[in-house]
Each structure stands twice: as structure tokens, then as C-alpha cells.
Amino acid sequence: MAETTEVQRGLEDVVALESRICFIDGKQGRLLYQGYDIRDLAKGATFEEVAYLLWYGRLPNAAQLAELRVRLAGLRTLPAPFAERLAAFPVSAHPMDVLRCAVSELALFEPDETRPGPSSIGGAQRLAAVIPTIVGTFHRRRMGRAPPDPRPDLSAAGYLLYALLDREPTELESRCLDVALILHADHELNASTFAARVTASTLSDLYSAITSAVGTLKGPLHGGANERVMELLAAIGSPDRAEAAVKERLAKHERIMGFGHRVYKVEDPRATILRDWSRRMGETKGDLHYFEILRAVEEVVHREKGLYPNVDLYSGSVYTLMGFPPDLFTPIFAASRVAGWTAHVLEEYDDLRLIRPTAKYVGAVDLAYTPIGGRP
Ligand code: SDX
């Protein structure tokens with residue numbers, strides 16, 4: 001084993017494993033899923049097509065896509081005893097905590113789905129189908145509404161909006177959410193995907209791996225940033241106050257959520273696409289003030305810190321314009337990223353190696369043990 005004591009904090013630039021699922025060119029700002037450019041997929045594909053691509057390594061033909069859509073729609077319902085458990089979760093809980101507990105508890109009712117190994121593709125599709133139902137059932141209950149119906153007539157994106165907001169999606173909203181789900185579906189070894197792979201690498205089960213991922217995505221430095229962006233916009237209030245507000249935060253060495261990235265050294269290509277959807281959705285809804293404040297913030301942050309927007313900067317404005325409350329933004333991220341998480345878990349099961357880095361020990365050594373009676 002190579003003797004090295006050079007610590008790479010945060011595992012920055014450490015190549016941990018080989019994968020075929022996702023390629024990021026941080027210098028060029030390019031993102032590929034199984035070899036296909038995200039810009040092409042966002043233009044022409046659906047989330048179901050992209051999930052199929054991530055799981056099987058190739059794009060589906062029309063029959064395969066139709067079959068997957070029917071299968072996913074058939075996997076949207078909750079087992080009755082689990083639904084009772086979910087109904088007992090406190091409505092004061094954060095939806096990401098609800099989702100983390102729900103995925104973990106669901107495993108108790110679906111031992112076959114969660115079993116590790118090649119059959120986990122069934123569990124992967126189950127989780128992709130049922131996460132909108134879990135989040136939607138919880139959110140509807142705290143709004144005093146009934147749980148969602150399975151609605152096989154709706155696409156994954158359409159069902160996500162219906163399940164959460166208890167209304168029919170417009171065509172533009174369905175397409176916009178479909179693109180957002182495509183953009184969030186995978187991103188190589190981001191923290192939550194890495195957490196899932198570490199869990200799977202011990203041969204632990206699929207739902208345990210996804211529970212690890214959900215808990216990791218919640219963090220504001222990762223998936224939780226989109227919720228914090230909207231708090232910033234509310235605090236700023238108007239585009240002309242962006243400069244002072246951003247400078248004030250930077251002077252206090254605060255992070256501006258939605259900016260910066262461990263891998264991208266130029267604009268995150270997903271932010272480019274979501275910026276345009278934020279404008280389009282704002283024009284359609286007759287409310288461009290989020291977009292205008294974000295553009296003003298972008299200009300100041302880039303000028304003052306040389307930072308670029310990441311995927312989390314514009315997503316919140318798009319979701320807000322559709323009517324989603326901020327604490328549902330990261331669950332929406334999870335409803336998409338579960339396709340990537342599960343694809344990586346399947347890849348790990350297929351070529352398993354226990355993930356176990358080492359630490360550079362900097363603590364004390366060879367201390368003499370003093371029995372309790374002899375200690376001051
Ligand atoms: C996601 O990994 C993925 O792929 C994640 C993701 C995915 O699809 O899975 O892309 C999704 O998580 C996007 C990132 C969402 N998070 C945020 O928007 C939170 C704000 N951003 C940061 O905290 C930060 O940019 C990180 C965590 C995303 C990356 O940080 P790094 O690579 O650890 O960089 P760093 O913290 O060492 O910062 C380098 C410099 C520092 O300046 P100095 O202290 O050296 O002077 O850049 C500064 C930082 O202060 N900096 C920021 C900043 N991000 C970095 N300064 C102000 N605001 C920021 N957002």
C-alpha cells in the first residue's frame with residue numbers, strides 16, 4: 001500500500017473509484033450522464049428516460065420507456081401499515097427528516113426490495129416511484145389534505161407536482177419540473193452519492209444506502225442550499241439592495257448559498273439552464289422579481305469573489321413560482337437524485353470494494369495508564 005501522509009481535506013481531487021455513470025469537466029463546465037451531454041438530455045429527454053439511462057447504461061427505445069413508465073406508476077402506493085406509521089410523524093418535522101425516516105422504515109415492510117445485489121434495480125425503481133408519494137402524503141397532511149392517488153396518467157414530473165401540491169400541473173410546469181429532475185439526477189461522487197456508495201460498499205442494503213444519502217443531501221452545503229437561497233432573496237427584497245446585502249455578508253465571511261462548487265471552476269451548466277427556466281417561469285407567472293434579484297446577486301458575487309452560480313441558485317425561484325414551499329426544495333432534489341444514488345449503488349454492488357480511507361494520526365502516543373484512584 002502506498003505510504004502517503006498528505007491529507008486531502010474533504011477528499012478534494014481524490015480519485016476514489018472508477019465509474020461509467022457520470023462525467024464532470026469542471027474546467028469546461030460539461031456534464032455527461034453515461035456519455036450523453038446534460039444539455040441534450042435537458043432539451044429532448046424526459047426524467048424517466050434519464051433514469052433508465054442511469055440504471056441501464058443506455059437510452060430506452062419507445063417500448064422500453066413505455067414499460068418503465070407503467071412500472072414506475074404502479075410503484076407509487078404505500079403499504080397500508082407503513083402509511084399509518086407515516087401518518088404519525090409530527091407535522092412540525094422537516095420534510096427531509098421525514099424522508100430519511102420514511103425510507104429507513106419502508107425497508108421494514110419491503111425486505112425483498114431492499115436486498116443488496118443485482119435485484120436492487122427493483123428497489124431502485126420502487127424508491128424513485130414512491131419518494132414523491134412519501135413527501136406528498138406528509139405535506140398534504142400538514143395542509144389538511146388527503147393523500148395523493150397514484151395517477152398513472154401523470155409522468156414522473158407531473159405526478160411529483162400533483163402529489164406535493166394537490167393540483168393538476170400545467171404543461172409548462174410539467175416540462176419545467178421534468179428538466180429540473182433531469183438536471184438533478186446525478187452528479188458523480190457528490191457527498192450524498194458518496195455516502196450511498198460507502199454504505200453499499202459494506203454490502204449493506206439498498207434502503208440503508210439511500211437513507212445515508214438523504215441524510216447527507218439535507219446539509220446546506222449540499223442539497224439544502226436551494227432553501228437557503230430563497231431566505232437570502234427574502235432578506236434582500238429588491239435588486240437594488242443586492243449589492244449592499246451581499247457585500248455585508250461577504251465582509252462577515254459568510255457563504256452566499258447557490259455559489260461556488262468543489263468541481264466546477266466555471267459556471268455549472270445546470271445553473272445556465274435553470275436561469276433560463278427561472279426567467280421563463282417568471283414571465284409566465286408575471287413575477288420576475290426573484291429572477292431580477294438573483295441576476296443582481298450573481299453580478300456582485302462574481303465581481304467580489306469570482307464565484308459562479310451552481311445548480312442551487314435558480315432552482316428555488318423556479319419551485320417557488322410553481323407554488324412549492326422552501327422546505328420541499330431539497331425533497332424535490334432527492335426525488336430526482338435517487339435515480340443517480342441507486343445507479344451508483346448498483347454499480348458498487350456490481351464491482352464491490354469496501355470503501356475505507358485512512359487518517360493521518362496527529363494525536364498523543366504511548367501515554368501511561370493511571371488507574372482511576374490515582375487521577376486528580
Ligand atoms: C451541490 O458536489 C456536488 O456535485 C454537489 C452538487 C450535486 O449536484 O450533487 O453539485 C449539489 O451541493 C451544489 C453546492 C450547493 N452548496 C452551496 O451553494 C453552498 C455554498 N457553497 C459553498 O459552501 C462551497 O462553494 C462548496 C461547499 C459548494 C464548495 O466548497 P469548497 O470546494 O470546499 O471550497 P472552499 O470552501 O474551500 O472555498 C474556497 C474559497 C474560500 O475562500 P477563502 O476562505 O479561501 O478566501 O471560496 C470561498 C471560500 O470562502 N467560497 C465562498 C463560497 N464558496 C466558496 N465564499 C462565499 N460564498 C460561497 N458560496
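Please read these numbers as outputs of a predicted model, since none were measured by experiment. (Residues numbered from 1 in each chain as written. Predicted model: local features only at pLDDT ≥ 70, side-chain atom pairs only at ≥ 80, totals over all residues. Heavy atoms only, no water.)

The next thing to look at is the overall build of the protein chain. Scanning the protein chain for helices and strands turns up 17 helices and three strands. In terms of C-alpha radius of gyration, the protein chain reaches 22 Å, essentially the compact-globule figure of 21 Å for 376 residues. Counting only C-alpha atoms and orienting by the principal axes, one finds that the protein chain spans roughly 70 × 55 × 45 Å. For the protein chain, buried positions account for 52% of its 376 residues. Taking contacts inside the protein chain between residues at least 6 apart in sequence as the whole, the part at least 24 apart equals 74%. Accessible area of the protein chain: about 17900 Å², with a carbon and sulfur share of 54%. Within the protein chain, the 49 negative side-chain charges are centred at a point lying 2 Å from the centre of the 44 positive side-chain charges. (Helix = DSSP H or I, 4+ residues; strand = E, 2+ residues; numbered from the N terminus. Rg over C-alpha atoms; globule rule 2.2 N^0.38 Å. Buried < 20%, exposed > 50% of the residue type's maximum accessible area, 1.4 Å probe, protein only. Contact = heavy atoms within 4.5 Å. Areas by Shrake-Rupley, 256 points an atom, 1.4 Å probe, with all protein chains shown as cover. Lys, Arg positive; Asp, Glu negative; His and termini not counted. Charge placed at Lys NZ, Arg CZ, Asp CG, Glu CD.)

Going through the model one piece at a time under the given rule, you end up with one cavity of 30 Å³ or more. Considering only enclosed or pocket space, the largest cavity measures out at about 150 Å³ in volume. If you go around the largest cavity, you meet 15 residues; those closest to its centre are Phe47, Leu72, Ala128, Ala129 and Ala156. Of all the secondary structure elements, the ones that give two or more residues to the lining of the largest cavity are helix H2 (47-56), helix H3 (62-73), helix H7 (120-142) and helix H8 (156-165). (1 Å grid on protein atoms, 1.4 Å probe; cavity = no way out; pocket = protein on both sides within 12 Å on 5 of 7 lines; lining within 4 Å. Points joined across faces, edges and corners; volume = space filled by probe spheres on them.)

Here we come to the environment of arginine 375. Mapped onto the fold, arginine 375 is located in the segment after helix H17 (329-350). The exposure class of arginine 375 is partly exposed, given its relative accessible area of 37%. Separated by 34 residues in the primary sequence, arginine 375 and tryptophan 341 place their C-alpha atoms 50 Å from one another. Setting aside chain neighbours within four positions, we find arginine 375 in contact with Tyr369 and Thr370.

Attention now moves to the sheet that holds strand S1 (residues 22-25). Two orientations exist for strands paired in a sheet by backbone hydrogen bonds: parallel and antiparallel. In spatial order, the strands read S1-S2-S3; together these three strands make up an open sheet with antiparallel pairing. The open sheet is flanked by S1 and strand S3 (36-37), the only strands paired with a single partner. The pairing of strand S2 (residues 30-33) with S3 spans two bridges and is classified as antiparallel. Directly across from tyrosine 33, in S3, lies its bridge partner tyrosine 36. (Pairing = 2+ DSSP bridges.)

So, about the site of the ligand. Taken together, 22 residues lie around the ligand, and His187, His261, Arg262, Arg270 and Arg337 are the ones closest in. For the ligand, a nitrogen atom lies 2.8 Å from a polar atom in the backbone of isoleucine 256. Arginine 337 places a side-chain nitrogen or oxygen 2.7 Å from an oxygen atom of the ligand. Burial of the ligand by the surrounding chains reaches 72%, relative to a free accessible area of 1100 Å². Here the ligand occupies the largest pocket. Of the residues that constitute the shell around the ligand, the class distribution is eight nonpolar, seven polar and seven charged. Inspection of the shell around the ligand shows a minimum of three residues originating in each of domain 1 (17-219 + 327-350) and domain 2 (225-322). (Near = heavy atom within 4 Å. Polar contact = N/O pair within 3.5 Å; in protein donor to acceptor, adjacent residues only side chain to side chain. Sits in = over half its atoms within 2 Å of the grid points. Nonpolar A, V, L, I, M, F, W, Y, C, P; charged D, E, K, R; others polar. Domains from an automatic or database assignment.)

All right, on to the side chain of glutamine 34 then. For glutamine 34, the position within the fold is in the loop between S2 and S3. Of the polar contacts made by the side chain of glutamine 34, one reaches the backbone oxygen of leucine 53; its length is 3.5 Å. Of the polar contacts made by the side chain of glutamine 34, one reaches the backbone oxygen of leucine 54; its length is 3.2 Å. Dropping the residues within four chain positions of it, glutamine 34 is found in contact with Arg20, Ile21, Leu53, Leu54 and Gly57.

What follows is about the nonpolar core. As a rule of thumb, soluble globular proteins bury nonpolar side chains together. Formed by 112 residues in total, the largest nonpolar core has its most connected members in Tyr33 and Phe324. Of all the elements, H17 adds the most residues to this core, at 12 residues. Both domain 1 (17-219 + 327-350) and domain 2 (225-322) contribute no fewer than three residues apiece to this core. (Core = buried A, V, L, I, M, F, W, Y, C linked by side-chain atoms within 4.5 Å.)

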